[in-house]
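Architecture and fold: a report
The chain contents come next:
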Amino acid sequence: MKIHNTLTNKLEPFEPIHKDTVNMYVCGPTVYNYIQIGNARPVIFFDVVRRYFEFLGYTVNFVSNFTDIDDKIITKAIEEQEDEITIAEKFIDAFYKDVERVGSTTKYLAPRVTEYMSAIIDYIDQLVKKGYAYEVDGDVYFRVAKIDHYGDLSGRNIADLETGARVEVNPKKENPLDFTLWKKTPQGITFPSPWGEGRPGWHTECVAMINDIFGGQIDIHGGGADLMFPHHENEIAQHRAIHGHAIAKYWMHNGHLTVDNEKMSKSADNYIFVKDLDVDYMGFRLFTLSTHYRSPLNYTDESLNSYVNEWQRLRRTYTQAFYQLDLAEKLDDTPSYNAELDKIRKNFLAAMDDDFNTANAITELQQLAKYTNHKTRQDDSLNQLLGAVRLFDQFFEILGLDARTKRMSKATRNIYMEWADARKNKNFEKADRLRETLQEKGIL
RNA sequence: GGUCCCGUAGCCAAGUGGCUAAGGCAUAGGACUGCAACUCCUUGAUCACCGGUUCGAAUCCGGUCGGGACCUCCA
């Protein structure tokens, strides 16, 4: 199992810190709006990461936060004449719905900033006491100059960053790179702190949560590539300041999604919410997994549709094989795996082991479909067909693709038999009628 | 202005130094079928461009063009 570590920019063998356990944290959403399809990429990809580790036998402790205190939420609250908590609640519910829509699990620990206020304040307080942070007029800033290796993760050096600063610098800061830990807020929800009423900056929450929940270095820290700088860089800096070592062993970042080769933005009028996609969401999931996670993913209607079709094809292959076995009452037999199936399985796992190369894994899924379609037309090798179905189950489970198919009821089975009979007796009128019924039930 | 990523057939996409550049969709032809649907078989590439390194490059180096991300608070 190899993982590309953003920190070293290399493929590294995965070795868990604690035997048989994977502790991972993925930066979650700021809940001020519905999520757009680009936000769904980490939601889907890191769900696959979790699934694959679980398949390999690890216990995965998966944590992803909600940022429920933020200027954008405050702005939205004022806009909608609601309080921040109500807004946050609304979009947390919406987020969970979208996560389920795209086939990812919602059963993981999801701490919220509002629940972590005292831990965050405590963390900032420690930074101040150790001299890594300073207070100015009710704001608290992190002293970047005091940390070595700032910029390692994103491959930047401090000199370049200073040159590049093109916006007016905040005169309160000792150094333009210093980032906000605590912010005195003129409007919206505030919390009491040693530095007065205010709210936390964005970068401390993840560190405080990781520290509290995991109590030490985690295996994997993930998120979108846009978070690499400054967010993750700042997490590393804070954690190093207090604990003297890196917060995570492996950093994983997914590439961006563009729409017609443009960044999604409201002004470009190409903003697509997950909830508004009018397609089979499993097709969308397959689409996002069709490109390696670190590569950019470009959305076009044509491209999405081709994967929606591909998904329907895969599912059809699966259900046809399933029903054939069901009719023959072979579903509970012992599956047989021949060399061809073993090879497909081996290639699939090798692809996943290679830094979660889902694109190549999907290729094996397609090979499995071809194999299955061949076997479906040969009645003599039902145990091998069963092997194929079981392999499909495994692949679908790992990728989070849901093709669950129920066994036929007795009534349906009878209709099927009648249909077969009618065809045999060339009673085509009756056969066509029954065929329609079976098609409606999704059997044919 | 700075840092970095990407550019493979009509479309999606793997491959990152070495046999004839995976796979899928679409197209076209064929097979199967009572008719369909489904399915199967066959069908396509001067790897953006120019130059260099090498016995050998899609893959490494330099340049050009095109697209994208980040560089401040925020995502």
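The rules behind each value
Residues numbered from 1 in each chain as written. Chains lettered and ligands numbered in written order. Predicted model: local features only at pLDDT ≥ 70, side-chain atom pairs only at ≥ 80, totals over all residues. Heavy atoms only, no water. Pairing = 2+ DSSP bridges. Helix = DSSP H or I, 4+ residues; strand = E, 2+ residues; numbered from the N terminus. Axes fitted to C-alpha atoms, helices over the stretch in contact; angles between N-to-C directions. Contact = heavy atoms within 4.5 Å. Parallel < 35°, antiparallel > 145°, perpendicular 65-115°, else oblique. Nonpolar A, V, L, I, M, F, W, Y, C, P; charged D, E, K, R; others polar. Near = heavy atom within 4 Å. Polar contact = N/O pair within 3.5 Å; in protein donor to acceptor, adjacent residues only side chain to side chain.

Thoughts on the sheet that holds strand 9 (residues 218-224)
- Strand order in the open sheet formed by four strands is 4-3-9-10, with parallel pairing between adjacent strands. If you trace the sheet from one side to the other, it starts and ends with strand 4 (59-64) and strand 10 (248-254), each paired once. When strand polarity is set aside, the average angle formed by the axes of neighbouring strands in this sheet is 20°.
- Note that strand 3 (residues 21-26) and strand 4 share six bridges and pair parallel. The partner of asparagine 23 across the bridge, within strand 4, is asparagine 61.
- Relative to strand 3, helix 6 (residues 203-214) is tilted by about 155°, and along the sheet it contacts strand 3, strand 4 and strand 9.

Focus: the packing of helix 1 (residues 40-55) against helix 8 (residues 281-289)
- At their nearest, the axes of helix 1 and helix 8 sit 10 Å apart, and the two run at 80° to each other. Here helix 1 lies roughly perpendicular to helix 8, going by the angle between them. Listed contacts from helix 8 to Ala40, Arg41, Ile44, Asp47, Val48 and Arg51 of helix 1 are Phe284, Arg285, Thr288 and Leu289.
- Here the contact of helix 1 with helix 8 is built from residues that sort into five nonpolar, one polar and four charged.

Section: the protein's contact with RNA strand B
- Residues in contact with RNA strand B amount to 45 residues; listed here are only the nearest, Asp70, Lys173, Trp202, Lys263 and Asn360.
- When atoms of RNA strand B within 4 Å of the protein are split into backbone and base, the sugar-phosphate part holds 71%.
- The contact in question runs from a phosphate oxygen of RNA strand B to an N or O atom on the side chain of threonine 291, over 3.3 Å.
- Residue arginine 377 places a side-chain N or O atom 2.9 Å away from a base oxygen belonging to RNA strand B.
- Residue assignment for the surface near RNA strand B shows that the elements contributing at least two residues are helix 5 (158-164), helix 7 (228-243), helix 9 (301-327), helix 11 (358-376) and helix 14 (428-440).
- For the surface near RNA strand B, the per-class residue count stands at nine nonpolar, 18 polar and 18 charged.

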